[in-house]
Amino acid sequence: MTEVKAGDAPGQGKRVGWVELYFDLVFVFAVGQVAHGIVAEPHWSRVAVALGLFATLWWTWIGFAVLYNRRGDDSRAADRLFVLAGTIPCAIAATQAHHVFEGHPAVFALAMAGVRVILAAAHRWPARDGLDQRRISWGYTASAVLFAASAFAPQTWAFWVFALLQEAGFLLLGDRPRRRGERPSRAARWRELIAGPHDPGLAVDAAHLAERFGLFMILLLGELVITVGTAALERPADDVAYWLALIGGLALAGALWWLYFTSAARIYERLLDLSGGNPALAYSLYAGGHLPPAFALVLIAAGVNLSLHESPPHAAAWFTTAGLTIYLLGTRVFAAGSHRWYHGLARIAALAATVCLAFLDRLVPAPAVVLVIAAWGVGAAAIASMLRRRALDRMGDNPLEFLRQRHFQGRP
């Protein structure tokens, strides 16, 4: 069982399976290909394509994460075989990522269709007593048809967007029916998130899901560490720039780790556990909520990679600072403080200053810019540490009030 400290996170839950860790190895390669696509042609249009690719891979990974969370067991051969089968089309998709950047997404789309056929079968067979997931199975079947059709249609992205949106609906959104014309208040909507689901089969295991997403964030941070090490080794000599690149990149990676694992990760797990595994809250905090900071790590890795080249483009610093800003927003590390108006202005000013650090590339060499950005990230991590304990104390056993203040600034 997974152990957590009292006061920081809830009790216990199932552990991440060994086959899940093996499955993640494929996504290490896939994420690296997305980052490489940005590095190959550092333009914002490439970043937009990379975001679409990453979101598609992200929801594919979530499909297997939720599958194993609800019904997976390493002691059952069928569960392991479905996950292992999923690695084959996922690996094919990873090798085809560069063709998507070049405007040839057909093979990638067919691989994504194949993954969803496996997910549809895995949610249906073998049957589980008291667990009816036929709706999810049919949803993945529909997604498989959409992805397959997109391989032969001119508007590929439209098919993908529709498929991913409907997956979000059947996989992790709530199960509470609402009367036609009813428009609940914001507080009522958050109250629904805190209450457990009507169907116990839709509940998620908070400890497993928190650990699963935490491990994926570690993989993305690992991509940044590999980027720093590789770029440092490619420099012609162990000069000042070499040491600035190495120290700055590793310090930035460490600060990003601290920002997530000592702040957002513990708060999110506690909220989900207090909700009884509410799938809609899991969607808000993890599936949808983790997408921006996860992609931000890919963007930061690409920016640092470019910054450590001999002749880095101006976009390199902007990728790094934009990624850090998105990461700070996505992990909501500053949202646990006071909601007074002047504190809100201070948060906006800090985020704006984070983006504007990119202007330093006009004054100092790119490795030095990375070092300054790393120092800024370390400062943000220090502030996040002070705010985390305050947030957990405020949360206590009244998560509804905490959510209302954290997301709506105290408004009903």
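Residues numbered from 1 in each chain as written. Predicted model: local features only at pLDDT ≥ 70, side-chain atom pairs only at ≥ 80, totals over all residues. Heavy atoms only, no water.

Trainee: Pulling in residues and values, what's your account of the pattern of salt bridges?
Mentor: Opposite charge on two side chains lets them pair, provided their charged atoms get close. Evaluation of the coordinates by the stated rule reveals 4 salt bridges. Two residues, D24 and R212, come together in a salt bridge whose shortest N-O distance is 2.7 Å. Linking D24 in helix α1 (residues 18-40) with R212 in helix α9 (residues 206-233), this pair joins segments that are 188 residues apart in sequence. A salt bridge links D79 to R76; the nearest nitrogen and oxygen atoms lie 2.9 Å apart. Judged by relative accessible area, R76 falls into the partly exposed class, the value being 32%. Residues participating in the shared-partner salt-bridge network are E20, D24 and R212. (Salt bridge = Lys/Arg side-chain N within 4 Å of Asp/Glu carboxyl O. Helix = DSSP H or I, 4+ residues; strand = E, 2+ residues; numbered from the N terminus. Buried < 20%, exposed > 50% of the residue type's maximum accessible area, 1.4 Å probe, protein only.)

Trainee: Quick rundown of the confidence of the model for the protein? Include the residues and the values.
Mentor: Taken as a whole, the protein shows an average pLDDT of 81; of its residues, 79% reach a score of 70 or greater. For the protein, the element scoring lowest by mean pLDDT is helix α16 (residues 399-408), at 52; helix α5 (residues 106-122) scores highest, at 95. Segment residues 1-11: pLDDT under 50, and 27 contacts once partners within four positions in sequence are set aside and those in other chains are kept. Taken together, the stretch residues 174-179 has pLDDT below 50 and engages in 13 contacts with residues farther than four places along the chain or on a different chain. (pLDDT = per-residue confidence, 0-100. Contact = heavy atoms within 4.5 Å.)

Trainee: Let's hear about the packing of helix α2 (residues 44-71) against α5: which residues, and what values?
Mentor: Where α2 contacts α5, the two axes come as close as 11 Å, and the packing angle between them is 15°. In terms of their interaxial angle, α2 and α5 are classed as roughly parallel. For the crossing formed where α2 meets α5, the hand is left-handed. Contacts from L53, T56, L57, W59, T60, G63, F64, L67 and R71 of α2 reach α5 at F108, M112, V115, R116, I118, L119 and A122. Its residues assigned to classes, the contact of α2 with α5 comprises 11 nonpolar, 3 polar and 2 charged. (Axes fitted to C-alpha atoms, helices over the stretch in contact; angles between N-to-C directions. Parallel < 35°, antiparallel > 145°, perpendicular 65-115°, else oblique. Left-handed = near helix turned anticlockwise from the far one by under 90°. Nonpolar A, V, L, I, M, F, W, Y, C, P; charged D, E, K, R; others polar.)

Trainee: Give a detailed account of the nonpolar core, specifying residues and quantitative values.
Mentor: Ranked by size, the top nonpolar core spans 119 residues in total, and within it F54, W58, I62, L171, L220 and L256 carry the most contacts. Non-local contacts of W58, meaning those with residues more than four positions away in its chain, are made with F213, F216, Y286, A287, H290, L291 and A294. (Core = buried A, V, L, I, M, F, W, Y, C linked by side-chain atoms within 4.5 Å.)

Trainee: If you had to explain the environment of E211 to someone new, which residues and values would you point to?
Mentor: Residue position: E211 is located in helix α9. Taking the C-alpha atoms as reference points, E211 and A265, 54 residues apart in sequence, are found 8.9 Å from one another.

Trainee: Just give me the short version of helix α10 (residues 240-274), but keep the residues and values in it.
Mentor: The terminal C-alpha atoms of α10, which comprises 35 residues, lie 50 Å apart, in line with the 51 Å expected from a rise of 1.5 Å per residue. The largest bend in α10 is about 35°, located at A264. A positive backbone phi angle near 75° is found at G276, which sits one or two residues after α10. (Expected span 1.5 Å × (residues − 1). Bend = angle between axes of the 7 residues up to and from the residue.)

Trainee: Give me the lowdown on the packing of aromatic side chains, citing residues and values where you can.
Mentor: Applying the stated criterion across every chain, the model contains 20 aromatic pairs. Between the aromatic rings of W58 and F216, the centroid separation amounts to 5.5 Å while the plane-to-plane angle is 70°, which identifies the pairing as edge-to-face. Of the two residues, W58 is situated in helix α2 and F216 in helix α9; the sequence distance between them amounts to 158 residues. Overall, the relative accessible area of 3% leaves F216 in the buried class. Grouped by ring-pair contacts, the aromatic residues F54, W58, W61, F213, F216, Y268, Y286 and F295 constitute a single cluster. Its end group placed over the ring of W125, R124 keeps NZ or CZ at 5.7 Å from the ring centre. (Phe/Tyr/Trp six-rings, centres within 6.5 Å; stacked < 30°, edge-to-face > 60°. Lys NZ or Arg CZ within 6 Å of the ring centre and 35° of its normal.)

Trainee: Lay out a nonpolar patch on the surface in plain terms, naming residues and giving numbers.
Mentor: On the surface, a cluster of nonpolar side chains totalling about 400 Å² of accessible area is made up of Y22, L25, L81 and L84. When contributions to the nonpolar patch are tallied by element, the ones reaching two or more residues are α1 and α3 (77-95). Looking at the secondary structure, you find L25 in helix α1. Taking the relative accessible area as the measure of exposure, L25 reaches 53% and is therefore exposed. (Patch = residues over 30% accessible without salt bridge, like charges linked within 9 Å, V, L, I, M, F, W, Y side chains within 5 Å. Areas by Shrake-Rupley, 256 points an atom, 1.4 Å probe, with all protein chains shown as cover.)

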